[in-house]
Amino acid sequence: MRVKKLPVENTLTFFTPDWTQSVERPFVAGGIAAGFPSPADDFSELRISLDQTLVKHKEATFYAKVKGNSMIDAGIQDGDILVIDRSLEPANNKIAVCYLDGAFTVKRILFQKDGLYLMPENSNFSPIKITEENELIVWGIVTYVIKGV
């Protein structure tokens, strides 16, 4: 595994959920055909609140907008919104928002025999090996990705 320490940039803009108003939107529970639509399908509409559906730990959840493409192979792209739960424990292979050497980044956590790595999901970026010289705080675990357009 090739390791290169790269400068870390602030790649996330954080937001706190607004719990004062919950907005329910129409939800098609039966799914929407991605192939040939069937005129025989019944249309049944329910209501859903995304904040109530995506957030498990209200006081510990934040949103962040992604800037950059170091995680594109994990389905996280520039402009996407991350749902981050700070109450979850870091674990191997989880995608985490980390505060590394004074800046935030989102990477996959990888524990190896020789140490801890923050792994990008884009071959244009190198893994970051965490050493004693690094200041690292695993700020939260990504639980959902809301795709930008």
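Note that the structure is a prediction, hence the values are computed from the model and not measured. (Residues numbered from 1 in each chain as written. Predicted model: local features only at pLDDT ≥ 70, side-chain atom pairs only at ≥ 80, totals over all residues. Heavy atoms only, no water.)

(A) The pattern of salt bridges, seen in detail. Within the structure shown, the criterion is met by three salt bridges. Residue Lys147 is joined to Asp80 by a salt bridge in which the shortest nitrogen-to-oxygen separation is 2.6 Å. Placement of Lys147 in the segment after strand E10 (136-146) and of Asp80 in the loop between strand E4 (61-66) and strand E5 (81-85) is noted, with a sequence separation of 67 residues between them. For Lys147, a relative accessible area of 43% puts it in the partly exposed group. (Salt bridge = Lys/Arg side-chain N within 4 Å of Asp/Glu carboxyl O. Helix = DSSP H or I, 4+ residues; strand = E, 2+ residues; numbered from the N terminus. Buried < 20%, exposed > 50% of the residue type's maximum accessible area, 1.4 Å probe, protein only.)

(B) Molecular detail of the side chain of Asp85. Position of Asp85 relative to the elements: it lies in strand E5. Arg86 provides the closest opposite charge to the buried, salt-bridge-free Asp85, at an N-O distance of 8.0 Å. Of the polar contacts made by the side chain of Asp85, one reaches the side chain of Ser87; its length is 2.6 Å. Once you skip the residues sitting within four places of it in the chain, Asp85 turns out to touch His57, Ala60, Thr61, Gly140, Ile141 and Thr143. (Lys, Arg positive; Asp, Glu negative; His and termini not counted. Polar contact = N/O pair within 3.5 Å; in protein donor to acceptor, adjacent residues only side chain to side chain. Contact = heavy atoms within 4.5 Å.)

(C) Summary view of the environment of Arg86. With respect to the helices, strands and loops of the structure, Arg86 is situated in the loop between E5 and strand E6 (95-100). Exposure remark for Arg86: the relative accessible area of 40% places this residue in the partly exposed category. Remark: the alpha-carbon pair of Arg86 and Ala60, spanning 26 residues in sequence, is separated by 5.1 Å. The residues touching Arg86, leaving out its near neighbours within four places in the chain, are Ala60, Phe62, Trp139 and Gly140. In terms of polar contacts, Arg86 uses its side chain to reach the backbone carbonyl oxygen of Trp139, at 2.8 Å.

(D) How the structure looks around the nonpolar core. If you look at the biggest cluster of nonpolar residues, it comprises 13 residues, and the most contacted ones within it are Leu82, Val97 and Val106. Mapped by element, the contributors of at least two residues to this core are E4, E5, E6, strand E7 (103-112) and E10. Broken down by element, this core gets its largest block of residues, three residues, from E4. Grouped together as the second largest cluster of nonpolar side chains are nine residues, Ala96, Leu116, Ile128 and Ile141 included. (Core = buried A, V, L, I, M, F, W, Y, C linked by side-chain atoms within 4.5 Å.)

(E) Just unusual backbone geometry, in detail. Positioned with a positive phi, Asn93 is a non-glycine residue whose angle comes to about 80 degrees. Its location among the elements puts Asn93 in the loop between E5 and E6. In the Ramachandran plot, Asp101 falls in the positive-phi region, its phi being about 50 degrees despite a non-glycine side chain. With respect to the element layout, Asp101 can be found in the loop between E6 and E7. For Asp101, a relative accessible area of 35% corresponds to the partly exposed category.

(F) Focus on the packing of aromatic side chains. Across all of its chains, the model carries three aromatic pairs by this definition. Aromatic side chains Phe62 and Trp139 sit 5.2 Å apart centroid to centroid with 55 degrees between the ring planes, which places their arrangement in the tilted category. Taken together, the positions of Phe62 in strand E4 and Trp139 in strand E10 put the pair 77 residues apart, joining distant regions of the chain. No difference in accessibility class separates Phe62 from Trp139, as the two residues are buried. The interplanar angle of 80 degrees and the centroid separation of 5.7 Å between the aromatic rings of Phe104 and Trp139 together place this pair among those described as edge-to-face. With a gap of 35 residues between them, Phe104 in strand E7 and Trp139 in strand E10 connect regions that are remote in the sequence. Neither Phe104 nor Trp139 differs from the other in exposure class; each is buried. Following the ring pairs from residue to residue traces out a cluster consisting of Phe62, Tyr99, Phe104 and Trp139. (Phe/Tyr/Trp six-rings, centres within 6.5 Å; stacked < 30°, edge-to-face > 60°.)

Everything listed here is a matter of geometry and, on its own, says nothing about what the molecule does.
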